[in-house]
Amino acid sequence: MPSPSPKPDSNDTAMEAIHTLETLLEVFPEDISSLESLTAAYEEMGDKAKFMEKGKRLARLLSKGDDTKPVIKLVDRLLHITPNDPEVLALQEEALAKDILAGMNAPVSDVPHAGSDAGAAGHTVGELTFDLHAELDLAWLLLQKQMITQEQYEASIERLTTSSAAQRGDSPLSLLQELREMDRVNLDKIIAFLASETGMPFLELGRCECDEETVSLLPLPQAKRLGVLPFDRLSTDLMVALLNPVSREWRQRVQMFLGVDKVHFYFTSPDEFLAAIVKVQERRAKSG
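Conventions adopted
- Residues numbered from 1 in each chain as written.
- Predicted model: local features only at pLDDT ≥ 70, side-chain atom pairs only at ≥ 80, totals over all residues.
- Heavy atoms only, no water.
- Core = buried A, V, L, I, M, F, W, Y, C linked by side-chain atoms within 4.5 Å.
- Buried < 20%, exposed > 50% of the residue type's maximum accessible area, 1.4 Å probe, protein only.
- Helix = DSSP H or I, 4+ residues; strand = E, 2+ residues; numbered from the N terminus.
- Lys, Arg positive; Asp, Glu negative; His and termini not counted.
- Salt bridge = Lys/Arg side-chain N within 4 Å of Asp/Glu carboxyl O.
- Polar contact = N/O pair within 3.5 Å; in protein donor to acceptor, adjacent residues only side chain to side chain.
- Contact = heavy atoms within 4.5 Å.
- Pairing = 2+ DSSP bridges.
- Phe/Tyr/Trp six-rings, centres within 6.5 Å; stacked < 30°, edge-to-face > 60°.
- Axes fitted to C-alpha atoms, helices over the stretch in contact; angles between N-to-C directions.
- 1 Å grid on protein atoms, 1.4 Å probe; cavity = no way out; pocket = protein on both sides within 12 Å on 5 of 7 lines; lining within 4 Å.
- Points joined across faces, edges and corners; volume = space filled by probe spheres on them.
- Nonpolar A, V, L, I, M, F, W, Y, C, P; charged D, E, K, R; others polar.
- Parallel < 35°, antiparallel > 145°, perpendicular 65-115°, else oblique.
- Left-handed = near helix turned anticlockwise from the far one by under 90°.

## Observations concerning the nonpolar core
- Core analysis: the biggest nonpolar cluster contains 57 residues, and Leu 142, Leu 179, Ile 190, Leu 194 and Leu 229 have the highest contact counts within it.
- Within the second largest apolar cluster, 22 residues are counted, among which are Ile 18, Leu 74, Leu 79 and Ala 95.

Right, dumping it as structure tokens:
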């Protein structure tokens, strides 16, 4: 009785698949699907050198698209093998920066209306608190775009963290406010960059006559501390000035707190923001 045919070795099968994929990629070098399969095959085989080679090639191709999630996941796998690879680190930084930018101008109209939770003044029950993560995103963007140095990045984050831990304070909890008070920071250049990069309209808020009823939607000390000021209405819509034009999540939180269907957000500088706060304070002092 003839002996049964030996089962094909799994390694042989994998090598055949790899050979086929390599051949396909010679003809179609930007075939992402084949490259993904090839990268996964080398990873499964434990061939670290080939996994890194094909993985970096795949990451470069994926980086050309708008979806940053596959890039971020892939570079995490690559950095697990070689944590300090400069090319992979650069791809990671680029993807993270693009991910931040993608959320900056996303519409916030999907924020649920507060409805019955809205109080008499129009804002929701609950507290609008400082969002350190939003400021860290802004700092990361400025660092990646070389608007600030590594030393300025670290110093500003340290100062902001210290300020936010304090029970009381009179200055806005804002990365831009911290940068404003640091030496050798070109804040005007940063403001111009953010206005251009985010597409959010820049407003010289200090020149505006803020509507008292709208300003009153948020207690002035809280507005000053958070770097956010509701300053006027457009029919039923609110107009709100911010010191952070980057974070979509922060805009969502502000809109949810105010409890309106539509908010028009404007970007302003620390000087303009503080000038507007002073004008409101002086007007209130005069009115008694």
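## Looking at the side chain of Glu 272
- Following the sequence through the fold, Glu 272 ends up in helix α13 (residues 270–286).
- Comment: no salt bridge for buried Glu 272; closest opposite-charge side chain is Arg 207, at 5.2 Å.
- Within the structure, Glu 272 has its side chain in polar contact with the backbone nitrogen of Gly 206 (distance 2.8 Å).
- Residues in contact with Glu 272, not counting those within four places in the same chain, are Leu 203, Glu 204, Leu 205, Gly 206 and Arg 207.

## Thoughts on the pattern of salt bridges
- For the structure shown, the criterion picks out 17 salt bridges.
- Residue Lys 279 pairs with Glu 209 through a salt bridge whose shortest N-O separation is 3.1 Å. Of this pair, Lys 279 sits in helix α13 while Glu 209 is found in the loop between α9 (187–198) and α10 (212–215), placing the two residues 70 residues apart along the sequence.
- Looking at Glu 209, the relative accessible area reads 58%, which means it is exposed.
- Bridged by salt links that share partners, the residues Glu 22, Lys 50, Glu 53 and Lys 54 form one connected network.

## Overview of the side chain of Asp 85
- Relative to the elements of secondary structure, Asp 85 occurs in the loop between α4 (69–81) and α5 (86–104).
- In this structure the side chain of Asp 85 is engaged in a polar contact, spanning 3.0 Å, whose partner is the backbone nitrogen of Glu 87.
- In contact with Asp 85, other than residues within four places in its own chain, are Met 52 and Lys 56.

## Here we look at unusual backbone geometry
- Within the chain, Gln 146 stands out as a residue other than glycine whose phi angle is a positive 60 degrees.
- Structurally, Gln 146 is set in the loop between α6 (132–144) and α7 (150–165).
- The backbone phi angle of Arg 184 is positive, close to 60 degrees, even though this residue is not glycine.
- When you line up the elements, Arg 184 lands in the loop between α8 (175–180) and α9.
- Given a relative accessible area of 75%, Arg 184 falls into the exposed group.

## Points about the pairing of strand β1 (residues 228–234)
- The pairing of β1 with strand β2 (residues 237–242) spans 6 bridges and is antiparallel. By the bridge assignment, Asp 232 is partnered in β2 with Met 239.
- Where β1 folds back on β2, the antiparallel hairpin that results is connected by 2 residues, among which Ser 235 adopts a positive phi of roughly 60 degrees.

## Some thoughts on the packing of aromatic side chains
- For the structure on display, the rule yields 3 aromatic pairs.
- Judged by centre distance (5.8 Å) and plane angle (70 degrees), the ring pair of Phe 231 and Tyr 266 falls under edge-to-face. Note that Phe 231 is positioned in strand β1 and Tyr 266 in strand β3 (residues 263–267), a separation of 35 residues in sequence.

## Quick word on the sheet that holds β3
- The sheet built from 3 strands is open, its strands ordered β1-β2-β3 with mixed pairing. Here the strands that pair on one side only, and so sit at the sheet edges, are β1 and β3. Put simply, the sheet's adjacent strands are angled 25 degrees from each other on average, direction ignored.
- Where helix α12 (residues 248–258) meets the sheet, it contacts β1, β2 and β3, and its direction lies at approximately 135 degrees from that of β2.

## Quick notes on empty space enclosed by the protein
- In the structure shown here, the tally under the stated rule is 2 cavities of 30 Å³ or more.
- Considering only enclosed or pocket space, the largest cavity measures out at about 80 Å³ in volume.
- Residue lining of the largest cavity: Phe 130, Asp 131, Ala 134, Glu 135, Leu 173, Ser 174, Leu 226, Gly 227, Leu 243, Asn 244 and Trp 250, and that is the complete set.
- Among the residues making up the lining of the largest cavity, the classes are represented as 6 nonpolar, 3 polar and 2 charged.
- Space inside the second largest cavity adds up to approximately 50 Å³.
- Lining the second largest cavity, in full, are Leu 62, Ser 63, Gly 65, Asp 67, Thr 68, Val 71, Leu 91, Glu 94, Ala 95 and Lys 98.
- A per-element tally of the lining of the second largest cavity places α5 first, with 4 residues.
- Of the residues that constitute the lining of the second largest cavity, the class distribution is 4 nonpolar, 3 polar and 3 charged.

## Things to note about the packing of helix α3 (residues 48–62) against α4
- For the pair α3 and α4, interaxial distance at closest approach is 10 Å and the crossing angle is 155 degrees. Relative to α4, the element α3 lies roughly antiparallel. Crossing of α3 against α4: the hand is left-handed. Of the residues in α4, those touching α3 at Lys 48, Phe 51, Met 52, Gly 55, Lys 56, Leu 58, Ala 59 and Leu 62 are Pro 70, Val 71, Leu 74, Val 75, Arg 77, Leu 78 and Ile 81.
- Partitioned by chemical class, the residues of the contact of α3 with α4 number 11 nonpolar, 1 polar and 3 charged.

Keep in mind these values describe shape, not function.
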